[in-house]
Amino acid sequence: MSSNGNRRVGSVRPSHLMFTTGIGSLVDLPNFSVLVKGTDSWSYSGITDYDIDEPRLRSAVNRSLQRYGRGQIEQLRAAPWLEGGDTDPKGWAAQGIGVPVTPFPQWLRCTACNILAAVDSGEFAFVNSNPRTPHEAKFVHDCKRGKKPLAVAARFTLVCTAGHLDEFPYSPYVHHGQACGKTPRPKLRMKDHGGNQAANVTIECVACGDKRNIREAMGERGRRNLPGCRGRHPHLGTYETNGCHQPPVLMVAGASNQWFPLTLSALALPKGQGGDIEKLLDDHWPELQGVNDRGQFDFMANIPQFGYLKEFDADAVVEAITARKQGATGPAPSAPDVQADLFGPEWGALSGPVPTPSDDFALRPATVPAPLRELFSDVRQVERLREARALIGFTRLDAPDPESPEIARRVDLSRGSQTWVPASEVRGEGIFLRVRDGLMAEWVARMEKSSQMEAHREAYGRFRVNRKSDRMTSDFDPFHGWPGARYIALHTLSHLLIRTIALECGYNSASLAERIYAGDEQNPRTGILIYTAVPDSEGTLGGLVSLAEDREFDRIVRRALADATHCSADPLCSERLPQDPADFLHGAACHVCLFVSETTCERGNRFLDRRFLVPLSGDEEQILTPVGLLP
């Protein structure tokens with residue numbers, strides 16, 4: 001919804017507002033681009049059904065925002081939308097409700113006469129006359145050359161690592177930082193000369209005739225020709241009061257590193273297995289914060305006024321109380337650490353007793369095929385699940401990295417106190433697999449100090465050191481967050497199965513997602529959840545669940561392992577192992593054999609190595625897979 005008269009200019013899916021075109025990002029429309037505004041500008045007038053009720057995720061968002069000194073949120077909200085926007089485009093639902101955006105960049109160029117001017121200069125007119133065709137919204141220039149020609153966005157912007165975004169200073173740039181000698185607000189022209197050597201665009205002052213090519217502002221040398229960052233956040237309409245000390249970088253609007261989302265996600269769990277525990281703590285924290293152990297909990301549960309505690313798992317509640325108290329007194333956790341904490345209750349629900357089915361979660365045990373019982377101790381069909389996702393901020397230039405969360409600076413979604421964050425939810429199905437605990441424990445003990453695993457660990461340390469931010473002043477542990485051998489094995493197995501499902505069973509791999517339950521040394525887990533993660537019919541038709549049936553599952557696992565034994569990039573792929581000074585985080589893995597879509601993999605195609613599942617070098621000591629399953 002454009003801020004220019006609240007006109008509808010396009011539409012996006014709710015999931016796009018989480019991962020692709022969220023607050024602070026640029027959305028390319030057919031004729032110009034817009035910037036999604038902060039939550040201060042969002043209106044829910046007339047909308048009643050926007051709350052996404054997921055207590056675990058809400059609590060996780062609050063723990064993560066604590067790190068940035070932000071207040072506590074009270075809600076997770078879906079994007080504002082009212083039914084009728086498509087059927088009645090002239091009604092209030094279409095014209096007054098939606099996600100607010102503003103044109104950006106706000107400098108436009110006429111495609112006929114090359115005049116370059118700001119949106120508010122009076123040179124251009126906004127045309128959006130047909131409410132049934134919002135994609136035809138455009139700016140035009142009346143330059144007396146027949147039909148009013150289209151005006152398009154001048155695509156250059158300035159971005160810094162502190163998350164600021166600004167217009168390119170065309171007039172100061174063409175005049176080398178000085179004012180025009182002829183007029184205070186000169187007209188400019190932008191001429192694109194084409195060619196194949198980066199940008200070849202000349203900016204010309206119509207008044208004084210000064211010219212300058214945009215290439216002089218590109219690269220390391222060009223940064224010296226740019227002004228200092230003004231500290232602008234256009235999605236909030238704010239400037240840093242003391243300016244910004246980070247050097248700006250010239251960037252073309254729409255570049256892939258212009259916006260990276262910071263998100264958290266959680267599965268809706270059955271009552272008493274984590275799904276309502278966070279709400280229980282929210283509602284009764286004054287009474288429960290004094291509980292320190294199981295004995296105190298049991299004593300309270302036997303008092304009539306606290307009888308509601310008997311509905312919950314005692315150990316899970318005590319663990320949640322302890323975690324909340326530690327979070328309140330200890331250092332605030334990073335978003336990746338908070339996300340990892342969400343996996344504990346999910347593991348309990350997926351691997352524990354089968355709960356009563358609900359609209360959000362339905363689990364059914366499946367029989368492990370006899371030939372696979374050496375590898376898997378449990379297979380379960382997740383017939384229904386609901387995943388809630390929340391956007392808690394974003395970064396620019398530096399992507400938020402689970403391995404190095406300190407390298408990127410988070411940008412707020414609102415100016416003032418933040419009482420809610422944007423969220424979305426998807427419903428789907430999945431398969432939960434549990435590798436035999438004994439098999440995994442034996443393999444981890446065997447491989448923990450092996451030369452192959454040590455090479456992976458040392459590469460992780462080099463990766464962390466090489467990406468260490470110069471802005472860090474605290475102690476730095478290069479091995480903090482090392483996932484361990486258990487994770488690498490489970491993650492590799494997950495990718496093998498996802499690729500086989502996508503190739504053989506008709507699923508688009510981008511419509512699948514994974515959650516790896518590997519835990520740590522104190523709380524080891526050995527589970528994989530592969531599930532559909534798209535908000536369309538492909539995620540709920542039962543096709544994935546049916547693959548957990550005995551016959552299908554046995555065939556898929558065997559084919560996945562057989563396919564892993566060879567790769568068309570071998571022997572380069574099979575021999576790959578990170579050695580000093582290399583800092584890549586995978587071994588025998590590549591786009592041909594193991595990599596999947598970035599929306600599918602939870603760790604960006606890192607921590608993968610086929611040599612730990614199938615024999616690539618003849619050394620069966622490093623193989624997790626029982627020999628009887630190997631081709």
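Residues numbered from 1 in each chain as written. Predicted model: local features only at pLDDT ≥ 70, side-chain atom pairs only at ≥ 80, totals over all residues. Heavy atoms only, no water.

Visitor: Which parts of the structure should I look at to understand the overall build of the protein?
Guide: If you tally the helices and strands in the protein, you get 13 helices and 23 strands. Here the protein has a C-alpha radius of gyration of 28 Å; the compact-globule value for 631 residues is 25 Å, and the two agree. Based on the C-alpha atoms only, the size of the protein along its principal axes is roughly 85 × 65 × 50 Å. Relative to its full complement of 631 residues, the protein shows a buried share of 53%. Counted over contacts in the protein with a minimum sequence separation of 6, partners at least 24 positions apart contribute 70%. (Helix = DSSP H or I, 4+ residues; strand = E, 2+ residues; numbered from the N terminus. Rg over C-alpha atoms; globule rule 2.2 N^0.38 Å. Buried < 20%, exposed > 50% of the residue type's maximum accessible area, 1.4 Å probe, protein only. Contact = heavy atoms within 4.5 Å.)

Visitor: It is not clear to me how the sheet that holds strand β10 (residues 156–159) should be interpreted in this structure. Could you clarify?
Guide: The strands making up a sheet are joined through hydrogen bonds of the backbone, oriented either antiparallel or parallel. Reading across from one edge, β11-β10-β17 is the order of the 3 strands in this open sheet, with antiparallel pairing throughout. One side of each edge strand has no neighbouring strand; the edge strands of this open sheet are β11 (165–167) and β17 (249–252). Going across the sheet, the axis of each strand differs from the next one's by a mean of 40°, ignoring polarity. Here 4 bridges tie β10 to β17, and the two strands are oriented antiparallel to one another. The residue of β17 that forms the bridge with threonine 157 is methionine 251. (Pairing = 2+ DSSP bridges. Axes fitted to C-alpha atoms, helices over the stretch in contact; angles between N-to-C directions.)

Visitor: Sorry, what's going on with the sheet that holds strand β5 (residues 107–110) here?
Guide: Sheet architecture is open: 8 strands sit in the order β7-β8-β9-β5-β6-β12-β13-β14, paired in antiparallel fashion. In the strand order of this sheet, the two ends are held by β7 (124–127) and β14 (211–213), each with one partner. Sheet twist, expressed as the average angle between the axes of neighbouring strands with direction ignored, equals 35°. One ladder, built from 2 bridges, connects strand β6 (residues 115–118) with strand β12 (residues 188–192); its direction is antiparallel. Bridged to isoleucine 115 within β12 is arginine 189.

Visitor: Is there a simple way to explain the side chain of asparagine 31 in this structure?
Guide: Its place among the elements puts asparagine 31 in the loop between β1 (26–28) and β2 (33–36). In this structure asparagine 31 comes out as buried when scored by relative accessible area, which is 19%. Here alanine 137 takes part through its backbone oxygen, which lies 3.1 Å from a polar atom of the side chain of asparagine 31. Beyond its immediate stretch of four places on either side in the chain, asparagine 31 contacts His135, Glu136, Ala137, Lys138, Leu150, Ala151 and Val152. (Polar contact = N/O pair within 3.5 Å; in protein donor to acceptor, adjacent residues only side chain to side chain.)

Visitor: Is there a simple way to explain the packing of aromatic side chains in this structure?
Guide: This structure, assessed with the given rule, holds 20 aromatic pairs. A centroid spacing of 5.7 Å and a plane angle of 55° characterise the contact between tryptophan 42 and tryptophan 420, whose relative ring orientation is tilted. With tryptophan 42 in the loop between β2 and α2 (55–66) and tryptophan 420 in strand β21 (residues 420–435), this pair connects stretches of sequence that are 378 residues apart. When its relative accessible area of 9% is taken as the criterion, tryptophan 42 is described as buried. Between tyrosine 460 and tryptophan 482, the ring centres sit 5.6 Å apart and the planes meet at 55°, which makes this aromatic pair tilted. Residue tyrosine 460 is found in helix α11 (residues 451–466), and its partner tryptophan 482 is found in the loop between α11 and α12 (484–504); the two are separated by 22 residues along the sequence. For the pair tyrosine 460 and tryptophan 482, one class covers both residues: buried. Taken together, the aromatic side chains of Trp42, Tyr44, Tyr50 and Trp420 make up a single cluster linked through ring pairs. Across from the ring centre of tyrosine 173, 4.2 Å away, lies the NZ or CZ of arginine 212, which sits over that ring. Over the ring of tyrosine 487 we find arginine 603; its NZ or CZ atom is 5.2 Å from the centre of that ring. (Phe/Tyr/Trp six-rings, centres within 6.5 Å; stacked < 30°, edge-to-face > 60°. Lys NZ or Arg CZ within 6 Å of the ring centre and 35° of its normal.)

Visitor: Help me understand helix α13 (residues 550–564) in this model?
Guide: For an α-helix, the turn length of 3.6 residues means that residues three or four places apart are oriented alike. Helix length check: α13 (15 residues) gives 21 Å between terminal C-alpha atoms against 21 Å at 1.5 Å per residue, within 8%. For α13, the set of buried residues is Phe553, Asp554, Ile556, Val557, Ala560, Leu561 and Ala564. Along α13, the residues classed as buried sweep out an arc of 165° about the axis, all on the same side. The inward-facing, buried residues of α13 abut β20 (376–395), β21 and α12. (Expected span 1.5 Å × (residues − 1). Arc of directions from axis to C-beta.)

Visitor: For this particular structure, what's the right way to read the pattern of salt bridges?
Guide: If you walk through the whole model with that rule in mind, you get 26 salt bridges. One salt bridge connects arginine 555 with glutamate 552, and the closest N-O pair in it is separated by 2.5 Å. Of the two residues, arginine 555 and glutamate 552 both sit in helix α13, 3 residues apart, roughly one turn of that helix. Overall, the relative accessible area of 38% leaves arginine 555 in the partly exposed class. With a relative accessible area of 30%, glutamate 552 lands in the partly exposed category. Of the charged contacts, one joins arginine 611 and aspartate 609 as a salt bridge, the two residues approaching to 2.8 Å between their closest N and O atoms. If you follow the salt bridges from partner to partner, you end up with Glu54, Asp360, Arg386, Glu425 and Arg427 in one network. (Salt bridge = Lys/Arg side-chain N within 4 Å of Asp/Glu carboxyl O.)

Visitor: Hey, could you run me through the nonpolar core in this one?
Guide: Buried together is how nonpolar side chains tend to be arranged in soluble globular proteins. Grouped together as the largest cluster of nonpolar side chains are 62 residues, with contacts concentrated most on Phe376, Val379, Val435, Met440, Trp443 and Leu497. Per element, the largest residue contribution to this core is 10 residues, and it comes from α12. The contact partners of leucine 497, leaving out residues within four places of it in the chain, are Leu433, Ile530, Ile556, Val557 and Ala560. Core analysis: the next-biggest nonpolar cluster, separate from the first, contains 34 residues, Val36, Ile115, Phe126 and Ala137 among them. (Core = buried A, V, L, I, M, F, W, Y, C linked by side-chain atoms within 4.5 Å.)

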